[in-house]
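Spelled out, the chains give:
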4 protein chains.
Amino acid sequence: MSQSRRGRPRSAAVHEAILNATRTLLVDAGYRGVSMDKVAALAGVAVQTVYRRWPSKAPLVVEAVMQAYASGDFTLPDTGDAIADLTTWMREYAEIGSTAESVALIRSLAAAAAEDLTDRDTLYEQLTGRVHDAVCHRLRVGVSAGQIRDDADVEAATDALIGAMLYRTLSVTASAQETEERYRGVIDALLQGIST
Amino acid sequence: MSQSRRGRPRSAAVHEAILNATRTLLVDAGYRGVSMDKVAALAGVAVQTVYRRWPSKAPLVVEAVMQAYASGDFTLPDTGDAIADLTTWMREYAEIGSTAESVALIRSLAAAAAEDLTDRDTLYEQLTGRVHDAVCHRLRVGVSAGQIRDDADVEAATDALIGAMLYRTLSVTASAQETEERYRGVIDALLQGIST
Amino acid sequence: MSQSRRGRPRSAAVHEAILNATRTLLVDAGYRGVSMDKVAALAGVAVQTVYRRWPSKAPLVVEAVMQAYASGDFTLPDTGDAIADLTTWMREYAEIGSTAESVALIRSLAAAAAEDLTDRDTLYEQLTGRVHDAVCHRLRVGVSAGQIRDDADVEAATDALIGAMLYRTLSVTASAQETEERYRGVIDALLQGIST
Amino acid sequence: MSQSRRGRPRSAAVHEAILNATRTLLVDAGYRGVSMDKVAALAGVAVQTVYRRWPSKAPLVVEAVMQAYASGDFTLPDTGDAIADLTTWMREYAEIGSTAESVALIRSLAAAAAEDLTDRDTLYEQLTGRVHDAVCHRLRVGVSAGQIRDDADVEAATDALIGAMLYRTLSVTASAQETEERYRGVIDALLQGIST
DNA sequence: CCCTAAGCGAGACGGTACGTCACGTCTTCCT
DNA sequence: AGGAAGACGTGACGTACCGTCTCGCTTAGGG
C-alpha cells in the first residue's frame, strides 16, 4: 500500500520536540522572536531537520499552533437552543482567549497569515474556514428550528461573530471577564438587532 | 519660537520619497519584502536618513499606509439617517478594499501589528482606535435620533462591524461586488437582528 | 583461512563505479567539487557504501587517481643507458601531464595532501615515495654502470628531478611540447652541471 | 585624485586583526581548520566584515601568508660569487622552512593554490613567479660573470632549484639540518652535474 | 532449507561551515 | 546641523557537506 517506505523513517519524537519548541518560543518571544535556529536549538535538533519537514517559519508556526487546539472538531454544541449554544461557544472562546499564552499563539497565526498568501490560504482551509462552516451550520439548524429568521444572511452573521472575536483578540489586551461581556453584547446585538 | 532650528532643515521631498518607496515595496513584495536598505535605495536616500525619521520598519510602514488613506479625518457621514450613513461608509470601504493594492497595504499593517505588541498599540492608537471611535460616535448619534435602540451595546456593535470587515479583508480574496453585498448583509443582520 | 567470509561479499562493480565517479567529479569540478554525496549519487550507490570502503574523501581521491595511473609498478626503464632512460621517463610523464584531465587529477592529489598531514603521509607512502625510490634506484644503477658520478648526491638529484616536475605541474599551464623541452633542459642541467 | 573617498573608510586595525587570526588558525589547525567563522570570531570581527574584504577562504589565506613573508623584495644576494649566493639563499630558506609555523603556512598556500586555478594564478603572480624571476636573474648575472655556463638552460635550472625546495617542503617533515644538507646537495648536483 | 551475517539503497539525523541578507549604529566627508 | 556613502557588529537565513544512524531488502555461506 505504502508505495515508498524506504530509508530511515522520520522520528515522531523529533516532530513533537520541534513543535513544542516552536510553541514555547512563540509564547515567550512572539512571532518575531521565533527563528529556525532557536527552534532547532531548543528542540535539541539540527537546523536541517527542521527544514526537512517545514519549508519556512510560517507553516511551522501554523502547524505548531493548530496542533495545540485542533482536536479536529470545531462543531458547536447543539442543545436545541441556538442562542444558548452560541453564547456557550463564545464564552468558551473568551476563556481560551483570555490566557496570555493562547493570545500569543493566535496572534502568531495572524502574523504568519499576514505575511504570506499561501500560508493564509492554508490556515483558512485548516482552521478559520472550518470554524466559519461550523458557526454557519449551527445558525442554519437554528433557522430550521424556527429560532433564527429564515431571511437572515447567515454568512454575514457568521462574519460578524468571528470578525468581532478576531478583532478583539488582535487589537486589545483585555481580561477574560471584559472579553466575555463584550462577546455577550455582540450576540445580543446581532440577535435582537440594534435598530428601533 | 521653534526651540532649535539650527543646521540644515530636513527635506520634505526626502520624506515623501521614503514614504512612496515604502508603499511601492509593500505593494510589490509585501511586508516581508520591505527592508530599510531597499526603501533607502529606492528613495535614493541614505539608510541613516530613514532611521533619522523612523525608529524602525513598523512605524514607517504604518505611516506610509496611513498617509495613503487617512486624510486624518475618520468621521462617518451624518446625513441624519444612521442606517444609510453606515451603509455608505461600508460601501466606501468595500471599494477601497477591493483593489489589490489596498489589500496589500492593509495586510501589511496587520502583519506589522501581529508581529510586535508595541507596533500593534501604535497602530491601534493612530488608526484602528480612531475608526472605532468614529463608528461608535455615529451610532450614538443614531441613538439620540431615535434610530438606534437606546439599550443597544454600541461598543459591541462596532466590534461586529469593524471585525467583519477586518475578517473578510484578511481571510479571503473577493471581488468588490461580493464584498459589498456581504457588508450590506452584515449591516442588515446587525440592525434588524437575526432571531425570530 | 580467510578468518570470516560470511555475509554478502562486497560488489566489485560498486567499487569500480565509485572510483570512476570520483575521477569524473575530480576532472569536472576539482578536489573541492568532489563530495561523498555526489560521488555516491553519480555512482548510483548509497553514501554508506562509500564510507564502508573509504574512511573519508582524501583516501578515496588518492585511490581513484592512483588506480588511473599506477599499474603498481613505478620502475624506470633500464636499457643500460641511464641518461636515455631518465629522458624517456620524463618524456612519458610530460605526455601524461599535458592532458587537462591528468593535470586535474594530479592537482587534486596535491590538494588532498596539502590540506591534511595524515593524507599527505598516506599519499607519500603510496605514490610519491615509490616514485622517489624508483628514480633513486635507477640513478644508483647508473652509478654502478659508471654513467653517474659515484660522489653524486643521488637523493638530492632525485629531489631536483621530481621537484621540477611537481613545480611545473602545479604552477603553470603549459603545452606538452613546452613541458617536454623544459624537462629535457632539467635533465641536461642536472647531468652536465651549469657551472663553468 | 581619489575619485571615491565617500563613506566610512575601512579600518586598518580590522584588516590586521583578520590576517593575524587567519595565520594563527593556519598554524594551529592547518588549511582545513580555517573557517571564515572562526577567523571572524578570533579577530573579534563580524563575519560579514571578512567577506567584505575577501571573497572566500583561499585569497584570504594567500594574503595572510604573503604578508608574513613578502617584504616585496625577493632579490637574491649578489656578492659576485653566484654559487655562494645561491647557497646562502637556499640556506636562508631552509632555516625559514624548518620552523613548524612556516611549514604550516607554506603548505596552506599550496592547499589554496591546489583548490582553485584563479587563486593559483594570483599566487604565482605575487609570489612564486617573483621568486622564479629572482633566481633566474641571479643565474644570468652569473653567466655574465663567467661563473655559469652560457649554454645552460637557466629556466630549467631554476625549476630544479625551486622545485626541489617545494617538493621537500610539501612531502616530508625534516629537521633544519637535514633540509640544509639536502639543499646543499641539490646545488652541488646542479652546478657540477652528476654524469661522469 | 532455513538461518545468520554482511552488503546495499534510501534517507533521516546532529553538526559545522558556507555565503547572503537585514537591522540599526557608527564614522567620514560634503553641503 | 542634514545628508550621502558605506563600514561595522549582530544574528537569521537557507543550503551543502560530513559522517553516523536506522530502516527494509538482497545475497551469500553455514548449519
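What counts as what
Residues numbered from 1 in each chain as written. Chains lettered and ligands numbered in written order. Predicted model: local features only at pLDDT ≥ 70, side-chain atom pairs only at ≥ 80, totals over all residues. Heavy atoms only, no water. Contact = heavy atoms within 4.5 Å. Buried area = accessible area lost by both parts, 1.4 Å probe. Salt bridge = Lys/Arg side-chain N within 4 Å of Asp/Glu carboxyl O. Polar contact = N/O pair within 3.5 Å; in protein donor to acceptor, adjacent residues only side chain to side chain. Helix = DSSP H or I, 4+ residues; strand = E, 2+ residues; numbered from the N terminus. Least-squares fit on C-alpha atoms with pLDDT ≥ 70 in both. Core = buried A, V, L, I, M, F, W, Y, C linked by side-chain atoms within 4.5 Å. Buried < 20%, exposed > 50% of the residue type's maximum accessible area, 1.4 Å probe, protein only. Axes fitted to C-alpha atoms, helices over the stretch in contact; angles between N-to-C directions. Parallel < 35°, antiparallel > 145°, perpendicular 65-115°, else oblique. Left-handed = near helix turned anticlockwise from the far one by under 90°. Domains from an automatic or database assignment. Nonpolar A, V, L, I, M, F, W, Y, C, P; charged D, E, K, R; others polar.

## Notes on the interface of chain B and chain A
Chain B puts 47 residues into the contact, and the matching count from chain A is 48 residues. Both sides together, the interface formed by chain B and chain A hides about 4400 Å², and carbon and sulfur atoms give 57% of it. The interface formed by chain B and chain A includes six salt bridges. Summed over the shared surface of chain B and chain A, the number is 25 residue pairs in polar contact (both at pLDDT 80 or more). Among the secondary structure elements, those contributing two or more residues to the side of chain B that touches chain A are helix H6 (100-115), helix H7 (117-144), helix H8 (154-171) and helix H9 (176-192) of chain B.

## Topic: the relation of the copies chain B and chain A
Least-squares fitting of chain B to chain A yields an RMSD of 0.6 Å, with the superposition described by an axial translation of 0.2 Å and a rotation of 179°. Taken together, the rotation angle and the small translation identify this as a two-fold axis. When you check the interface residues of chain B against chain A, 100% turn up at the interface there too, and the contact is symmetric in its surfaces.

## Examining the nonpolar core
By size, the foremost hydrophobic cluster in this structure holds 90 residues, and its most contacted members are Ile-18, Trp-89 and Ile-194 of chain C together with Ile-194 of chain D. Among the elements that take part in this core, helix H8 (residues 154-171) of chain C stands out by supplying 10 residues, more than any other. Excluding its chain neighbours within four sequence positions, the residues that come into contact with Ile-194 of chain C are Ala-189 of chain C together with Leu-139, Gln-147, Ile-148, Arg-149, Ala-152, Ala-157, Leu-190 and Leu-191 of chain D. If you look at the next biggest cluster of nonpolar residues, it comprises 88 residues, including Ile-194 of chain A together with Val-45, Met-90 and Leu-161 of chain B.

## With respect to the packing of helix H4 (residues 57-69) of chain C against helix H7 (residues 117-144) of chain C
All names here are of chain C. Two elements in contact, H4 and H7, have axes whose closest approach is 10 Å; the angle formed by their N-to-C orientations is 20°. Relative to H7, the element H4 lies roughly parallel. In the packing of H4 onto H7, the handedness of the crossing is right-handed. Residues Ala-58, Pro-59, Val-62 and Met-66 of H4 pack against Asp-119, Leu-123, Gln-126 and Leu-127 of H7.

## Here we look at the domain arrangement of chain A
All names here are of chain A. In terms of domain boundaries, chain A breaks down into domain 1 (9-64) and domain 2 (72-192). Taking only C-alpha atoms into account, the centre of domain 1 sits 28 Å from that of domain 2. The partner domain 2 presents 11 residues to the eight residues of domain 1 that form the contact. The junction of domain 1 with domain 2 conceals about 810 Å² of combined surface from both sides, 79% of it contributed by carbon and sulfur atoms. It is Val-27, Tyr-31 and Val-62 that lose the most area in domain 1 upon contact with domain 2, and together they represent 63% of the buried surface on that side.

## Quick word on the relation of the copies chain D and chain C
When chain D is fitted onto chain C, the two copies agree to an RMSD of 0.5 Å after a turn of 179° and an axial shift of 0.1 Å. A shared interface surface links the copies, since 98% of the contact residues of chain D are contact residues in chain C too.

## Re the arrangement of the chains
What separates chain B from chain C at the closest point of their C-alpha atoms is a distance of 34 Å, and the two make no contact. Contact between chain A and chain D is absent, and the minimum C-alpha spacing across the pair is 16 Å.

## Comments concerning the packing of helix H7 (residues 117-144) of chain D against helix H8 (residues 154-171) of chain D
All names here are of chain D. Remark: H7 packs on H8, axes separated minimally by 9 Å, with the N-to-C direction vectors making an angle of 130°. Comparing the axis directions of H7 and H8 gives the class oblique. Seen from above, H7 lies across H8 with right-handed handedness. Across the interface between the two elements, Val-131, His-132, Val-135, Cys-136, Leu-139, Arg-140 and Val-143 from H7 touch Val-154, Glu-155, Ala-157, Thr-158, Asp-159, Leu-161 and Ile-162 from H8. Residue classes in the contact of H7 with H8 are distributed as nine nonpolar, two polar and three charged.

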